[in-house]
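Descriptive analysis of the structure
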Amino acid sequence: PIYSKEDILRIVKEQDVKFIRLQFTDIFGILKNVAITVEQLEKALDNKCMFDGSSIEGFVRIEESDMYLRPDTNTFAIFPWRPQTGKVARLICDVYNPDGTPFLGDPRHTLKRALQRATEMGYDTFNVGPECEFFLFLTDNEGNPTTVTHDNGGYFDLGPVDLGENARRDMCMALEEMGFEIEASHHEVAPGQHEIDFKYGDALSTADAILTFKLVVKTIAQRHGLHATFMPKPIFGINGSGMHINTSLFKDGNNMFYDEKDPLQLSQDAYWFIGGIMKNMRSIAAITNPIVNSYKRLVPGYEAPVYIAWSARNRSPLIRVPAARGASTRLELRCPDPACNPYLALSAILMAGLDGIQNKIQPPASTDKNIFNMTPEQREEEGINALPKNLDEAIEELEKSSFVKDVLGAHIFEKYIEAKREEWDEYKAKVSKWEIEQYLTKY
Ligand code: ADP
Ligand code: MG
Ligand code: MG
Ligand code: MG
Ligand code: MG
């Protein structure tokens, strides 16, 4: 929907909205809220709403902490699970400095800059369809989350009504009330694991939608006594949760990845886009797969990609070209996980693809056989590289990439690396349960 300031003021009155949450994210994509009452809304819509940015990760130092929130009126939505009188609504905001310039630590601004680049290159829309997977876990008697699923009963168990399926239905209903077009929702491979797919849209709306999606899923799960998690690999030995990113570039309503004359019906732009992602993948992995735990999902045996390859036939490589053509022609990047900051991840993916188009980076031949069955020598022969094997390696690749520095801007680039290093260093020094099990009695 396209809302003006007047529209919002009118809807708020009609719908009896009492509170408005002004939302934005830190550089890790964690949602932040400043709640205001409806009486302050007009001031907020005039971009006069100030907050203290010093408490937000990756934002600013204390001495320069005043920030302004500029609500994007098109993001107005009412939370359907809150009371029906004195309702609660939200607006997603851009973050500005007191001097009126965009704040360079705002990831939404990073994405706007990347989209600007696409516009300069003649594309008017970068369309993105995410596939968000998550687990639903039971909570214990104190209400704390566990890693026990609600539906891991045996094969013949008739069991009580599946808590998870009910919760998922309510999630879909709440999302639809907030304007989502749900395309599919289904139980995933692992016990307790679910996927809900919504219709693709332009990258900025989709990044906003991913944040809203997570909030809705977590909120509704809680109302069912469950804990929803987007942690990439909560349980060893079973599939983790990914967030496949389907992408296409449009111009004047035409899908620029489609070319009916090509043997695979893919355009030259599509091939170059693949080439650009493959070339830059190792340096953007710390953005698409941002946490220590991300790399425990990217291992052989669980349908998650490990090697940098593409295919139009095979479902397992990093980049898959789904069979649909025409307006649905798209490239599916399969490594991202839902712990990523969607604004930064979509910026990085877009800019990597545009790098391919700009520099005419032809991708290597597609890999249509199962890469996991190849020997290391065969992979070497075919020039197939692997994704970083852990966060440490991913940070190293990120740090030496002037491409990523350009995508993120120096401010986010530096803060991001600093925080990720700290995360890795802390993890590295911790003694794990596995080590105790392996070594305590043996040595
Ligand atoms: P999969 O076959 O990998 O399970 P899904 O059907 O779960 O794929 O999800 C496909 C996603 O791709 C949906 O979000 C859908 O809206 C999106 N999609 C469809 N066409 C396009 C397009 N042209 N550009 C980007 N995304 C698209
Ligand atoms: Mg899917
Ligand atoms: Mg599907
Ligand atoms: Mg899936
Ligand atoms: Mg998929």
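Quick look at the structure, then. Please read all numbers here as calculations on a predicted model, not as lab measurements.

So, how was this worked out
Residues numbered from 1 in each chain as written. Chains lettered and ligands numbered in written order. Predicted model: local features only at pLDDT ≥ 70, side-chain atom pairs only at ≥ 80, totals over all residues. Heavy atoms only, no water. Salt bridge = Lys/Arg side-chain N within 4 Å of Asp/Glu carboxyl O. Helix = DSSP H or I, 4+ residues; strand = E, 2+ residues; numbered from the N terminus. Donors = N, O, S within 2.8 Å, 3.2 Å for Na, K, Ca; no water. Buried < 20%, exposed > 50% of the residue type's maximum accessible area, 1.4 Å probe, protein only. Pairing = 2+ DSSP bridges. Near = heavy atom within 4 Å. Polar contact = N/O pair within 3.5 Å; in protein donor to acceptor, adjacent residues only side chain to side chain. Areas by Shrake-Rupley, 256 points an atom, 1.4 Å probe, with all protein chains shown as cover. Nonpolar A, V, L, I, M, F, W, Y, C, P; charged D, E, K, R; others polar.

The full count for this structure, using the stated rule, is 27 salt bridges. For R10, the salt bridge identified is with D7, shortest N-O distance 3.3 Å. Linking R10 with D7, this pair stays in helix α1 (residues 5-14), spanning 3 residues, or about one helical turn. For D368, the salt bridge goes to R313, with nearest N and O atoms at 3.7 Å. Of this pair, D368 sits in the loop between α8 (342-358) and α9 (376-381) while R313 sits in the loop between β15 (310-311) and β16 (319-320), placing them 55 residues apart in sequence.

Turning our attention to the coordination of the magnesium ion (ligand 2). Reference values for angles at a metal are 109.5 degrees in the four-donor tetrahedral case and 90 or 180 degrees in the six-donor octahedral case. For the magnesium ion (ligand 2), the full set of protein donor atoms is E131 (OE) and E195 (OE), at a range of 2.2 to 2.3 Å. Between the magnesium ion (ligand 2) and the magnesium ion (ligand 3), a separation of 3.8 Å is found. On the criterion of sequence distance, the pair formed by E131 in strand β7 (residues 125-139) and E195 in strand β10 (residues 193-198) is long-range, its members being 64 residues apart. E195 matches E131 in its accessibility class, with the two residues each being buried.

To continue, consider the pairing of β7. With 12 of its 15 residues buried, β7 lies for the most part within the structure. Where β7 meets strand β13 (residues 243-251), 8 bridges bridge the pair, whose relative direction is antiparallel. Opposite P130, over in β13, you have I245 as the bridge partner. Note that β7 and strand β11 (residues 201-202) share 2 bridges and pair antiparallel. In the strand pairing of β11, V128 is matched with G201. Pairing between β7 and strand β12 (residues 226-229): 4 bridges, direction antiparallel.

To continue, consider the site of ligand 1. Taken together, 20 residues sit near ligand 1, with E183, D197, S248, R320 and E332 positioned nearest. Within the contact set of ligand 1, an oxygen atom lies 3.0 Å away from a backbone nitrogen or oxygen of Y200. In this structure, a nitrogen atom belonging to ligand 1 sits 3.0 Å away from a main-chain N or O atom of A327. Contact with the protein chains hides 85% of the accessible area of ligand 1, taken as 580 Å² for the molecule alone. Breaking the shell around ligand 1 down by element, the ones donating at least two residues are β7, β10 and β13. Ranked by residue count, the leading element in the shell around ligand 1 is β7, at 4 residues. Residues that form the shell around ligand 1 fall into these classes: 4 nonpolar, 7 polar and 9 charged.

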